[in-house]
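Report on the structure
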Amino acid sequence: MYRAIRNTQKSYSLFWRPPNLRCDGILADSSKKLGLVSVLHSSSPEQRCYSTGATTERWDSGLPSGFTNTPPKDARVVICGGGMAGAAVAYQLAQRGWGPHTVLIERGRIGEGNPRHFSGLLGELKPTHSQVLLAQTSLELIRDFDAKGLPTGWKKTGSLNLARTRDRMTMFRRMKSQSVSWNVECEIVTPEKCKELCPLIDISDIVGGLWIPNDGVGNPNAFCHSLVLESLDKGVTVAENCSVMRVNQRNGRVNAVETTKGTVECVYFVNCAGFWARQVGQMSEPYVKVPLHSAEHYYLHTKPIAGLGDQFPVVRDLDGHIYFRENDGCLLAGGFETMAKPAYEDGDIPMTTAERKLLPDWDHFHPLLEELLQRCPSLKDVPLDKLSNCPEAFSPDCKWIIGESPEIQNYLVAAGMKTVGMSAAGGVGRAIADIITQGYSTVDLHELDISRFLGLHNNRKFLRDRVREVPGLHYDLNYPFHEFRTGRNLRMSPIFPALKEAGAVFSQVMGYERPAWFDRKLSQDERGRPKFRIATTNGFGKPHWFDHVQSEYENCRERIGMSDYSTFTKIDLWSKEGEVVDLLQYLCSNDVDQPVGSIIHTGMHNRHGGYENDCSLARLSENHYMMIAPTVQQARCKAWIERHLPAGGRVSVSDVTSMFTAICIMGPFTRIMLSELTDTELSPKHFPFFTCKELDVGLANGIRALNLTHTGELGYVLYIPNEFALHVYTKLMEAGQKYGIRHCGYYAMRTLRVEKFFAFWGQDLDTFTTPLECGRMWRVKFDKGMDFIGKEALLQQREKGVERMYIQLLINDHDPDVDLWSWGGEPIYRDGVCCGQTTTTAYGFTFKKQICLGFVKNLHPSGRALTVTNEYVLSGDYEVEIAGIRYPAKANLHSPNLPTKYPDQEREAYKATRDKSDETNLLAYRPNN
């Protein structure tokens, strides 16, 4: 039994009382800020009290009954790391009855961190819906603990976010719009209101703010300790002063963990080592990549300031890159500088929490201090207490790292939560526990999944360079299509130099350089050499690259456009007999047993019918397929396939992404032009739409040609062995001159596919989206004679109906030259009620309108989701809210026919999005003759 008691020194304590020990006391005021815990040693471990006096420097756990220094010989789950994440995972597993089967291993002591090394900020408004859901789960757990009298340090203060610029206010208005569908209470406030909410600040340069009243602060050590105590109470074993030495696997699955105090045989291993997660990932064979690198991070503590009050809000001056809050009558301030300072650059990481501290670099912190004094001039007269430098570990994209590793099955990771561990841990712990106990998370985690990384992302030098700019992203303006400036020129196709010379401006995906658009102006340096230029979109309105993308778009529709598709994931699958066909029939919802030369567009689904992958399969021979998948699927889809491989190595899987250069040529004259370079007959009769052939092009051979473009335009994607890539590229450019060929970038491809209502995985589709919801049921073959993953769920959904539907919206009464643009994530309103959110958006050059793709729901006034039908969608009046302004929109359910100078039956016959489940196979247009 645990009770909070008050001692004679008026500090608050958490006391564990065994049944035979009497303890009289009163519950502590839950609103009282609890400081760091220290052990008040008694005559026996069972009678130890845990003081939460604010001045104590170290929290020494002294865990009560159920604590052991020796882990058991076997368990179902071993968790490495007794910090916030590990404690949350242990607690959530214990809640599901797995406590007696769970071991939490901590190299030092539970909750031994220094209180000066935490900000304790708790906020629920995050960049994406998935992160919001995880944060809301965490805050709900913290409030629940607080209501039970368990120490968390929770204090509802609200958070005030300040804006100095119009663009920052635009970002706040976008956040306010999103908050409606995310169930986050917030409001736009004037500078005067900002001053009222926080009298300490100067508002002379403030243009407004965003007030989030339900945010607050907490004590990470207190919360961590409470999680562990509750876990112990439900049977979890905790082993302190015990280090993981090695994680063993058998046949690709975790089977044991070696520690300094013996080996534990187990089924699951969870890497919650936080700052040390990357190093723990290297304690297995193969390595599990957990790409993290530390950067110096500072916390400034003042002496007590009269009149602050315990309801002082968290203040974030994002344009100044700083935050500050009240902490036991003092001010705690920190920030995220635009150029961070890597820590432990030589890779020599400290072994203990106590060693994880560096001397403060006042010169480096000085710009943040100046911003703090500008925002709060009165602080110039406040004595400082201490500047703490506690390095934090950041992932290369500044997002959390969650999920099952692609290298070893049943090896899960929860790391990279940086300085917001307390606001993330409860939700992340629940997600990990869900994956372990039921095989899936109730929150879509694809954007946070560890499989989004490749080996290159775990390169220490890459991480060292990248971590310089990652922390600053926390408070950066969230402009569309953000691009990193470090870790560039890393993965490049063989035609990269030619594209750069042609004026390419590059974006990056999975480390690959990919042209975003082309502009020959200013494309050379002072010596006349091609420059490497990184794409930017520094605004929320009409972008500066608009005209370039428009001309590229028009070329693809009316002449010939050439685009580098090399980034796409390419996987070869083959077997001696028909095992590969059986495997793909089980993994895919479409019927993959089509004639050699066919291309099958199909989903790979989870047990709930959601998309784990959306791909094209080219059948190269009877038992050989080439899979083309989204770029971000390179590690993920291969891991998904390998988890379902038949025993005995009967099916071979090879990632051939880096073996082929992919060039897409699209437009009405592509067939004529390509015919001049190959002896193969390319007429629709001999090379129909959605089929593949091996071609010679120019003097090169062995080119896998696919008659599709992934955009709805006529054309081909040529998968060229790398040694022939530059030759084929040159021949295509030479032959295409008379047809008006020009280079085209990714932004033009994006516009083409949005106009044609093509959905992409990771942007529109995710692990919770089903074919019934996005108009792709016609690709699902229930009668193919073999069960597939997700079949039962899809059959049930077909009977019951869907609760959301994928639609295309054309925005009206919108001036693209003046009004703010839709960039994705905007709320959709039907008859004045918020019913959904946009996913991918673009300006449609044929429609001459902004186009939004997204999902809509039919919500009962109580919030309960009802069935969505075509009639429901088409009967409503729609609006899309862009930064607080609603624009009327027209809804489409099916891919539209776009006017063109060169109509073509092949192009018009294929509709990517439609709802006819009983339609005959339209994958290939067949002429009547």
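Residues numbered from 1 in each chain as written. Predicted model: local features only at pLDDT ≥ 70, side-chain atom pairs only at ≥ 80, totals over all residues. Heavy atoms only, no water.

**Comments concerning the nonpolar core**
Threshold: Side-chain atoms within 4.5 Å link the members of a nonpolar core, which is a set of buried Ala, Val, Leu, Ile, Met, Phe, Trp, Tyr and Cys residues. The classification of residues rests on relative accessible area computed with a 1.4 Å probe and restricted to protein chains. Under 20% of the type maximum is buried, over 50% is exposed, and intermediate values are partly exposed. Numbering of helices and strands starts at the N terminus; helices are DSSP runs of H or I of at least 4 residues and strands are runs of E of at least 2. The contact rule is simple, with two residues in contact once any of their heavy atoms fall within 4.5 Å.
Ranked by size, the top nonpolar core spans 61 residues in total, and within it Trp-517, Tyr-565, Leu-706, Tyr-719, Tyr-747 and Met-749 carry the most contacts. Of all elements in the fold, only α3 (166-182), β12 (208-212), β29 (512-518), α11 (546-558), β34 (624-629), β36 (660-666), β39 (715-721) and α16 (746-755) reach the threshold of two or more residues within this core. Of all the elements, α16 adds the most residues to this core, at 5 residues. Not counting residues within four places of it along the chain, the set of residues in contact with Tyr-565 comprises Ala-662, Cys-664, Met-666, Thr-709, His-710, Thr-711, Val-717 and Met-749.

**Points about the packing of aromatic side chains**
One pair of aromatic rings is described through two measures. These are the centre distance and the angle between the planes. Here is the rule: Only rings of Phe, Tyr and Trp enter the pairing, Trp through its six-membered ring, and a pair is recorded when the two centres are within 6.5 Å. The plane angle decides the type: under 30 degrees is stacked, over 60 is edge-to-face, the rest tilted. Ring-over charges, as used throughout, are those where CZ of Arg or NZ of Lys falls within 6 Å of the ring centre and within 35 degrees of the ring normal.
As enumerated under the stated definition, the model contains 37 aromatic pairs in all. Aromatic side chains Tyr-565 and Phe-568 sit 5.0 Å apart centroid to centroid with 90° between the ring planes, which places their arrangement in the edge-to-face category. The exposure class of Tyr-565 is buried, given its relative accessible area of 6%. Seen in terms of ring centroids, Tyr-806 and Phe-855 are 5.0 Å apart; in terms of plane orientation they differ by 35°. Their pairing is tilted. Pair noted here: Tyr-806 is in strand β41 (residues 804-811) and Phe-855 is in strand β44 (residues 849-859), with a separation of 49 residues, a long-range link. Since its relative accessible area comes to 1%, Tyr-806 is described here as buried. Given the relative accessible area of 7%, Phe-855 is considered buried. Aromatic ring contacts, followed pair by pair, group Phe-481, Trp-517, Trp-545, Phe-546, Tyr-553, Tyr-746, Tyr-747, Trp-821, Trp-823, Tyr-843 and Phe-845 into a single cluster. The ring centre of Trp-98 lies 3.7 Å from the NZ or CZ of Arg-76, which sits over that ring. In this arrangement the basic side chain of Arg-830 is found over the ring face of Tyr-872, its NZ or CZ atom lying 3.8 Å from the centre.

**Remarks on helix α17 (residues 791-800)**
Just so we agree on the cut-off: This arc describes the spread of directions from the helix axis toward the C-beta atoms.
The set of residues buried in α17 consists of Lys-791, Leu-794 and Gln-797. Each buried residue of α17 lies within a common arc of 125° when the element is viewed along its axis, so the set occupies one face. Those residues of α17 that are exposed and angled more than 90 degrees off the buried face are Glu-792, Gln-796, Glu-799 and Lys-800. Once α17 finishes, Gly-801 follows within two positions and takes phi at roughly 100°, a positive value.

**Description of the sheet that holds strand β40 (residues 742-743)**
Where strands meet in a sheet, backbone hydrogen bonds hold them as pairs that are either parallel or antiparallel. How we decide: Pairs of strands are assigned from DSSP output, requiring at least two bridges between the strands.
Read across the open sheet, the 6 strands follow the order β37-β38-β39-β36-β30-β40; overall the sheet is mixed. The two strands at the open ends of the sheet, each matched to only one other strand, are β37 (692-697) and β40. Bridge count between strand β30 (residues 561-564) and β40: 2 bridges; the pairing is parallel. Bridge pairing links Gly-561 to Arg-742 in β40.

**Section: the confidence of the model for the chain**
Quick note on the threshold: Per-residue confidence from the predictor is given as pLDDT, running between 0 and 100.
Of all residues in the chain, 90% attain a pLDDT of 70 or more, and the chain-wide mean is 90. Low confidence marks residues 1-62, where pLDDT is under 50. Its contacts with residues over four positions away, or in another chain, come to 149 contacts. Here residues 917-929 scores under 50 on pLDDT; set against residues more than four positions off or in separate chains, the count is 24 contacts.

**With respect to the pairing of β34**
Counted residue by residue, β34 has 6 buried out of 6 residues, so it is predominantly covered. Of the two faces of β34, the one carrying His-624, Met-626 and Ile-628 and the one carrying Tyr-625, Met-627 and Ala-629 are both buried. Bridge count between strand β31 (residues 569-575) and β34: 6 bridges; the pairing is antiparallel. Counted as the bridge partner of Leu-573 is Tyr-625 from β34.

**Things to note about the state of the cysteines**
Basically, it comes down to this: Note on terminology: pairs of cysteine sulfur atoms within 2.5 Å are recorded as disulfides.
Considering all chains together, one arrives at 0 disulfides under this definition. Of the cysteine sulfurs around Cys-80, a residue in no disulfide, the closest is that of Cys-272, at 8.0 Å. Judged by its relative accessible area of 8%, Cys-80 falls in the buried class. With no disulfide partner, Cys-376 has as its closest neighbouring cysteine sulfur the one in Cys-198, 6.1 Å distant. According to the relative accessible area criterion, Cys-376 is buried, its value standing at 0%.

**Structural notes on the environment of Thr-711**
What counts, and what does not: Polar contacts here mean pairs of N or O atoms no more than 3.5 Å apart (in protein, one a potential hydrogen donor and the other a potential acceptor; neighbouring residues in sequence count only if both atoms are side-chain atoms).
Note that Thr-711 resides in the loop between β38 (700-706) and β39. The spatial distance from the C-alpha of Thr-711 to the C-alpha of Val-754 is 8.2 Å, given a sequence separation of 43 residues. Among residues more than four places away in sequence, those in contact with Thr-711 are Tyr-565, Met-666, Met-749, Leu-752, Arg-753, Lys-756 and Phe-758. There is a polar contact of 3.4 Å between the side chain of Thr-711 and the backbone nitrogen of Glu-713.

**Details of the sheet that holds strand β21 (residues 314-317)**
Let me state the cut-off plainly: An axis is simply a line fitted to the C-alpha atoms; with a helix, the fit covers only the stretch in contact. Between two such axes, the angle follows the N-to-C directions and lies from 0 to 180 degrees.
Strand order in the open sheet formed by 8 strands is β11-β12-β10-β21-β22-β23-β20-β24, with mixed pairing between adjacent strands. Edge strands, defined here as strands with exactly one partner in the open sheet, are β11 (187-189) and β24 (384-389). Adjacent strand axes in the sheet meet at a mean angle of 20° when their direction is disregarded.

**Let's talk about the pattern of salt bridges**
Counted only if it meets this: Here, a salt bridge means any side-chain nitrogen of Lys or Arg that lies within 4 Å of a carboxyl oxygen of Asp or Glu.
Inspection of every chain in the model, using the stated rule, returns 44 salt bridges. Arg-488 is the salt-bridge partner of Glu-483, the closest N and O atoms lying 3.3 Å from each other. The residues Glu-483 and Arg-488 share a single accessibility class, namely buried. Beyond isolated ion pairs, a larger network of salt bridges with shared partners links Arg-164, Asp-205, Asp-317, Glu-371 and Arg-375.

**Some points on unusual backbone geometry**
In this structure, the amide linkage connecting Glu-285 to the following residue, Pro-286, adopts the cis form with an omega of 5°. Relative to the assigned elements, Pro-286 resides in the loop between α6 (277-281) and β19 (293-295). The phi dihedral of Asn-251 falls on the positive side, at around 55°, and the residue is not glycine. Here Asn-251 shows up in the loop between β15 (244-250) and β16 (253-259). Look at Asn-251 and you get exposed, because its relative accessible area is 74%.

**Quick word on the packing of helix α2 (residues 129-147) against helix α5 (residues 220-233)**
What counts is decided by this rule: Oblique is the label for any angle not covered by the other classes, which are roughly parallel (under 35 degrees), roughly antiparallel (over 145) and roughly perpendicular (65 to 115).
Their axes nearest at 11 Å, the elements α2 and α5 cross at an angle of 75°. As far as their axial angle goes, α5 and α2 are roughly perpendicular. Residues Leu-141, Ile-142 and Phe-145 of α2 touch α5, and the partners they reach there are Phe-223, Ser-226, Leu-227 and Glu-230.

**Notes on helix α1 (residues 84-95)**
The line we're drawing: Expected span of a helix, by definition, is 1.5 Å for each gap between consecutive residues, and there is one gap fewer than residues.
Helix length check: α1 (12 residues) gives 16 Å between terminal C-alpha atoms against 16 Å at 1.5 Å per residue, within 8%. Among the 12 residues in α1, 11 count as buried, and that is most of the element. Residue Gly-97 follows α1 closely and has a positive phi angle near 90°.

**Brief notes about the environment of Gly-487**
For Gly-487, the position within the fold is in the loop between α9 (460-466) and α10 (496-501). A sequence separation of 31 residues divides Gly-487 from Leu-456, and the C-alpha atoms of the two residues are 9.6 Å apart. Those residues in contact with Gly-487, other than ones at most four positions away along the chain, are Phe-462, Arg-466 and Gln-508.

**Examining the side chain of Arg-316**
Defined as follows: By the counting scheme adopted, Arg and Lys are positive, Glu and Asp are negative, and His together with the chain ends is not counted.
Along the polypeptide, Arg-316 turns up in strand β21. Buried Arg-316, no salt bridge; nearest opposite-charge side chain is Asp-215, N-O distance 4.3 Å. When neighbours within four sequence positions are excluded, Arg-316 is seen to be in contact with Leu-121, Ser-159, Leu-160, Asn-161, Leu-162, Asp-215, Ile-322, Tyr-323 and Tyr-475.

**What about the side chain of Glu-612?**
Note on placement: Glu-612 falls in strand β33 (residues 611-621). In terms of polar contacts, Glu-612 uses its side chain to reach the side chain of Asn-606, at 3.1 Å. Beyond its immediate stretch of four places on either side in the chain, Glu-612 contacts Met-604, His-605, Asn-606, Gln-633, Arg-636, Trp-640, Trp-761 and Thr-767.

**Here's the deal with the environment of Arg-246**
Along the chain, Arg-246 falls in strand β15. Discounting chain neighbours no more than four positions away, the residues touching Arg-246 are Ala-256, Val-257, Glu-258, Met-283 and Glu-285. Within the local environment of Arg-246, its side chain forms a polar contact with the side chain of Asn-248, the two groups lying 3.3 Å apart.

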